[in-house]
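Chain residues, written in single-letter form:
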Amino acid sequence: MQEMKLKGEKIAMLTAYDFSFATLLDEAGIEVILVGDSASNVMAGHKTTLPITLNEMIYHASSVCRGVDRALVVVDLPFGTYQGNSKEALNSAIRIMKESAADAVKMEGGREVLESVDRILSAGIPIMGHLGLTPQSIHKFGTYVVRATEQKEADKLVEDAHLLERAGVFAIVLEKIPAKLGAQVAKELKIPIIGIGAGGQVDGQVLVLHDMLGITTKFSPRFLRRYHNLSEEIKGSVSTYISDIKSLDFPNEREQY
Ligand code: KIV
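Computed from a prediction, not measured in an experiment: that's the story for all the values here.

Q: Help me understand the pattern of salt bridges in this model?
A: Any two side chains of opposite charge can pair, on the condition that their charged atoms come close. The final tally for this structure, using the stated rule, is nine salt bridges. Between Asp 203 and Lys 5 there is a salt bridge, and its shortest N-O distance comes to 2.9 Å. Of the two residues, Asp 203 is situated in the loop between strand 7 (193–196) and strand 8 (204–207) and Lys 5 in helix 1 (residues 2–7); the sequence distance between them amounts to 198 residues. Comparing Asp 203 with Lys 5, the two get one shared label, buried. Between Glu 232 and Lys 235 there is a salt bridge, with the nearest N and O atoms lying 3.7 Å from each other. Here Lys 235 and Glu 232 lie together in helix 11 (residues 230–246), a separation of three residues that amounts to about one turn.

Written out as structure tokens, the structure is:
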């Protein structure tokens, strides 16, 4: 990723939560797979990312890692497993690395989580940071609107990004912030900056797989480009299957023993 930033080559990252999709993403050439805690929303149907547990994240991460030969796999540390207690943070990160075979962990926040960042890094575990809209703090923000539009919050974000870089994180995700601010951070920092709703002048992009494939349909932020309308295709295939069974078309002569 560092070499790509130096060469000016953009980094492509997507989420995945299971073996089958991870295999497809890896074969298609994705560079980074994020086992995001968005699994809490798109896999488990929760309203926020808060309820997903460490065990559940490890289950998703190990499924993904079994499907990946070459992409870098990064796993979200879930809410409540690293905030406020650096020893617990280290134990959580170690469990992810030991039990899933992932390459790195991701954690949300800046100065507030610095002690945990230091402790995890000192154990030799690479960290990707996450600033801007940090969904694990949704109850503090109260809304999913664009972050850091006010100067004070933008200044704190830039300061946090520098702190994380100095601490030794290898990349940072910036979520839902003004494009100008994304460009500033990508320019000031040496490590790669991956955006989701952070404009085109960062070093790479990430989207949630189920959103970009159109499996989920209700979530439509401006930054989301839908590459497919899989929800309609899947529903169409399932209703054809149902009618084939009802009309005795399936199975036919060649589809039985
Ligand atoms: O959990 C997730 O999918 C994420 C991305 C939105 C960056 O953190």
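Resuming the write-up.
Q: Sorry, what's going on with the site of the ligand here?
A: If you check the shell around the ligand, you find Thr 15, Leu 34, Gly 36, Asp 37, Ser 38, Asp 76, Lys 106, His 130, Val 173, Glu 175, Ile 196 and Val 208 and nothing else. Here Lys 106 contributes a side-chain N or O atom positioned 2.9 Å from an oxygen atom of the ligand. Relative to its free-state accessible area of 260 Å², the ligand is covered by the protein chains to the extent of 96%. For the shell around the ligand, the per-class residue count stands at four nonpolar, four polar and four charged.

Q: When you look at a nonpolar patch on the surface in this model, what are you seeing that I'm missing?
A: Taken together, the side chains of Ile 234, Val 238, Tyr 241, Ile 242, Ile 245 and Phe 250 define a hydrophobic patch exposed on the protein surface, amounting to about 520 Å² of accessible area. Within the secondary structure layout, Ile 245 lies in helix 11. With a relative accessible area of 36%, Ile 245 lands in the partly exposed category.

Q: When you look at the packing of helix 2 (residues 19–28) against helix 4 (residues 54–67) in this model, what are you seeing that I'm missing?
A: Interaxial distance between helix 2 and helix 4 falls to 7 Å at its minimum, and their mutual angle equals 40 degrees. On the basis of the axis angle, helix 2 is oblique to helix 4. Here the hand of the crossing between helix 2 and helix 4 comes out right-handed. Across from Phe 19, Ala 22, Thr 23 and Asp 26 in helix 2, the residues of helix 4 making contact are Ser 63, Val 64, Arg 66 and Gly 67. Of the residues that constitute the contact of helix 2 with helix 4, the class distribution is three nonpolar, three polar and two charged.

Q: Would you mind showing me how to read the packing of helix 6 (residues 114–122) against helix 8 (residues 151–167) here?
A: Each packed pair of helices is defined by two parameters, the angle between the axes and the distance between the axes. At a minimum axis distance of 10 Å, the contact between helix 6 and helix 8 shows a crossing angle of 20 degrees. When the axis of helix 6 is compared with that of helix 8, the two are roughly parallel. Classified by chirality, the crossing of helix 8 by helix 6 is right-handed. Residues Leu 114, Val 117, Asp 118 and Leu 121 of helix 6 touch helix 8, and the partners they reach there are Leu 163, Leu 164 and Ala 167. Its residues assigned to classes, the contact of helix 6 with helix 8 comprises six nonpolar, no polar and one charged.

Q: Please clarify how the domain arrangement of the chain should be interpreted in this entry.
A: One frequent convention defines the size of an interface as the accessible area lost when the parts assemble. Its domain assignment divides the chain into domain 1 (2–226) and domain 2 (229–257). Relative placement of domain 1 and domain 2: their C-alpha centres are 38 Å apart.

Q: So what exactly am I meant to see when it comes to the side chain of Glu 165 here?
A: Following the sequence through the fold, Glu 165 ends up in helix 8. One buried charge, Glu 165, has no salt-bridge partner; the nearest side chain with opposite charge is Lys 190, at 5.6 Å. If sequence neighbours within four positions are ignored, Glu 165 has contacts with Leu 189, Lys 190 and Ile 191.

Criteria and thresholds
- Residues numbered from 1 in each chain as written.
- Predicted model: local features only at pLDDT ≥ 70, side-chain atom pairs only at ≥ 80, totals over all residues.
- Heavy atoms only, no water.
- Salt bridge = Lys/Arg side-chain N within 4 Å of Asp/Glu carboxyl O.
- Helix = DSSP H or I, 4+ residues; strand = E, 2+ residues; numbered from the N terminus.
- Buried < 20%, exposed > 50% of the residue type's maximum accessible area, 1.4 Å probe, protein only.
- Near = heavy atom within 4 Å.
- Polar contact = N/O pair within 3.5 Å; in protein donor to acceptor, adjacent residues only side chain to side chain.
- Areas by Shrake-Rupley, 256 points an atom, 1.4 Å probe, with all protein chains shown as cover.
- Nonpolar A, V, L, I, M, F, W, Y, C, P; charged D, E, K, R; others polar.
- Patch = residues over 30% accessible without salt bridge, like charges linked within 9 Å, V, L, I, M, F, W, Y side chains within 5 Å.
- Axes fitted to C-alpha atoms, helices over the stretch in contact; angles between N-to-C directions.
- Parallel < 35°, antiparallel > 145°, perpendicular 65-115°, else oblique.
- Left-handed = near helix turned anticlockwise from the far one by under 90°.
- Contact = heavy atoms within 4.5 Å.
- Domains from an automatic or database assignment.
- Lys, Arg positive; Asp, Glu negative; His and termini not counted.

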